[in-house]
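Below, each chain spelled out in residue letters.
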Amino acid sequence: MKGPHVTAAQTLVIIPTYNESENLERIVARLHEHNPEVHVLVADDNSPDGTGEIADKLAAEDGRVQVLHRKGKEGLGAAYLAGFRWGLDAGYQVLVEMDADGSHRPEDLPKLLAALDEQGADLVLGSRWVSGGRVVNWPKSREVLSRGGNLYVRLATGMKLRDATGGFRAFRRATLEGLGLDGVESAGYCFQVDMARRAVRAGFRVVEVPITFVEREFGVSKMSGNIVVEALWRATVWGVQDRTAKLTRRGAKNNKAKNN
């Protein structure tokens with residue numbers, strides 16, 4: 001069943017930042033060039049390079065921009081969770097995750113929003129690894145790492161998603177409300193896998209649409225090998241937990257049938 005129709009004016013794009021002074025103005029300008037009605041929440045983790053001050057300047061000049069100043073760097077997931085809560089409290093119907101560094105092209109956002117209505121999606125993932133998706137300026141080693149990581153996530157968790165680790169995605173309000181954000185503990189890279197897994201387990205319709213992912217031009221990536229290893233380990237744990245719970249439910253059902 002399709003959810004209620006949503007519009008760009010009901011959409012909040014959450015952009016978490018830490019030392020993105022070279023990128024923030026560029027990405028907000030591009031976002032509004034291609035999606036003039038959407039609103040933006042910059043969730044800044046007290047960046048020492050002045051990103052927070054740049055965000056305040058943008059907000060003072062444009063009513064579509066708001067700023068959430070956080071005490072310090074607590075991880076990507078924590079920033080998004082704070083942004084989700086802010087957006088839900090403010091009444092937005094669609095909440096979007098987007099990086100500040102330009103790797104998520106604002107030109108692709110309309111495709112994500114359209115999938116909410118046209119495909120009846122509850123969560124839309126911008127995917128690099130479905131037909132039509134691609135990456136630009138990535139070394140082959142990083143592509144292999146990402147494809148391999150997503151393959152492992154599929155095997156470990158049983159999800160059929162091609163790009164569960166990607167961070168360009170659009171949630172319906174009802175989806176976030178149904179996931180129970182207070183129970184989400186993952187803070188880093190594995191946050192994306194965790195949220196996708198929770199949506200699938202809860203029975204929400206998750207749709208992937210192809211995007212073009214472009215490697216950042218300015219600033220320094222926060223990705224590291226340790227972050228990837230943590231995500232894969234957590235995916236393993238979640239997969240074991242889910243399979244154990246499934247077997248437990250099946251055993252309880254069989255016992256009930258025998259007793260009847």
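The following refers to the structure shown. Remember, predicted model here, so these are calculated numbers, not experimental data.

As for the environment of H32
Okay, so step 1: Turning to its location among the elements, H32 is positioned in helix α1 (residues 24–34).
Okay, so step 2: The exposure class of H32 is buried, given its relative accessible area of 9%.
Okay, so step 3: C-alpha of H32 to C-alpha of R64: the two residues are 32 residues apart in sequence and 9.1 Å apart in space.
Okay, so step 4: Once residues within four sequence positions are removed from consideration, H32 is found in contact with V38, V40, D62, R64 and V65.
Okay, so step 5: In terms of polar contacts, H32 uses its side chain to reach the backbone carbonyl oxygen of V38, at 2.9 Å.

Things to note about α1
Okay, so step 1: Within the sequence span of α1, burial applies to L24, I27, V28, L31 and H32. Relative to the axis of α1, the buried residues are bounded by an arc of 125 degrees and lie together on one face.
Okay, so step 2: On its buried face, α1 sits against β1 (11–17), β2 (39–44), α2 (51–61), β3 (65–69) and α4 (109–118).

Section: a negative patch on the surface
Okay, so step 1: A contiguous patch of negative charge, built from E22, D49, E53 and D56, is present on the exposed surface.
Okay, so step 2: Relative to the assigned elements, D49 resides in the loop between β2 and α2.

Side note on the packing of aromatic side chains
Okay, so step 1: Tallied over the full model, the rule gives six aromatic pairs.
Okay, so step 2: Between F84 and F171, the ring centres sit 5.3 Å apart and the planes meet at 65 degrees, which makes this aromatic pair edge-to-face. Of this pair, F84 sits in helix α3 (residues 76–90) while F171 sits in strand β7 (residues 169–172), and the two are 87 residues apart along the sequence. Neither F84 nor F171 differs from the other in exposure class; each is buried.
Okay, so step 3: Note on W138 and F213: the rings are 5.2 Å apart at their centroids and 65 degrees apart in plane angle, and the pair reads as edge-to-face. Of this pair, W138 sits in the loop between β6 (134–136) and α5 (140–157) while F213 sits in strand β9 (residues 212–214), and the two are 75 residues apart along the sequence.
Okay, so step 4: Of the residues examined, W138 reaches a relative accessible area of 14% and is grouped as buried.
Okay, so step 5: Given the relative accessible area of 8%, F213 is considered buried.
Okay, so step 6: An aromatic cluster of three or more residues is present, and its members are Y80, F84, F171 and F191.
Okay, so step 7: Note that R128 overlies the ring of F213, its terminal NZ or CZ placed 5.3 Å from the centroid.

The rules we used
- Residues numbered from 1 in each chain as written.
- Predicted model: local features only at pLDDT ≥ 70, side-chain atom pairs only at ≥ 80, totals over all residues.
- Heavy atoms only, no water.
- Helix = DSSP H or I, 4+ residues; strand = E, 2+ residues; numbered from the N terminus.
- Buried < 20%, exposed > 50% of the residue type's maximum accessible area, 1.4 Å probe, protein only.
- Contact = heavy atoms within 4.5 Å.
- Polar contact = N/O pair within 3.5 Å; in protein donor to acceptor, adjacent residues only side chain to side chain.
- Arc of directions from axis to C-beta.
- Patch = residues over 30% accessible without salt bridge, like charges linked within 9 Å, V, L, I, M, F, W, Y side chains within 5 Å.
- Areas by Shrake-Rupley, 256 points an atom, 1.4 Å probe, with all protein chains shown as cover.
- Salt bridge = Lys/Arg side-chain N within 4 Å of Asp/Glu carboxyl O.
- Lys, Arg positive; Asp, Glu negative; His and termini not counted.
- Charge placed at Lys NZ, Arg CZ, Asp CG, Glu CD.
- Phe/Tyr/Trp six-rings, centres within 6.5 Å; stacked < 30°, edge-to-face > 60°.
- Lys NZ or Arg CZ within 6 Å of the ring centre and 35° of its normal.

By themselves, these figures tell us nothing about what the structure is for.
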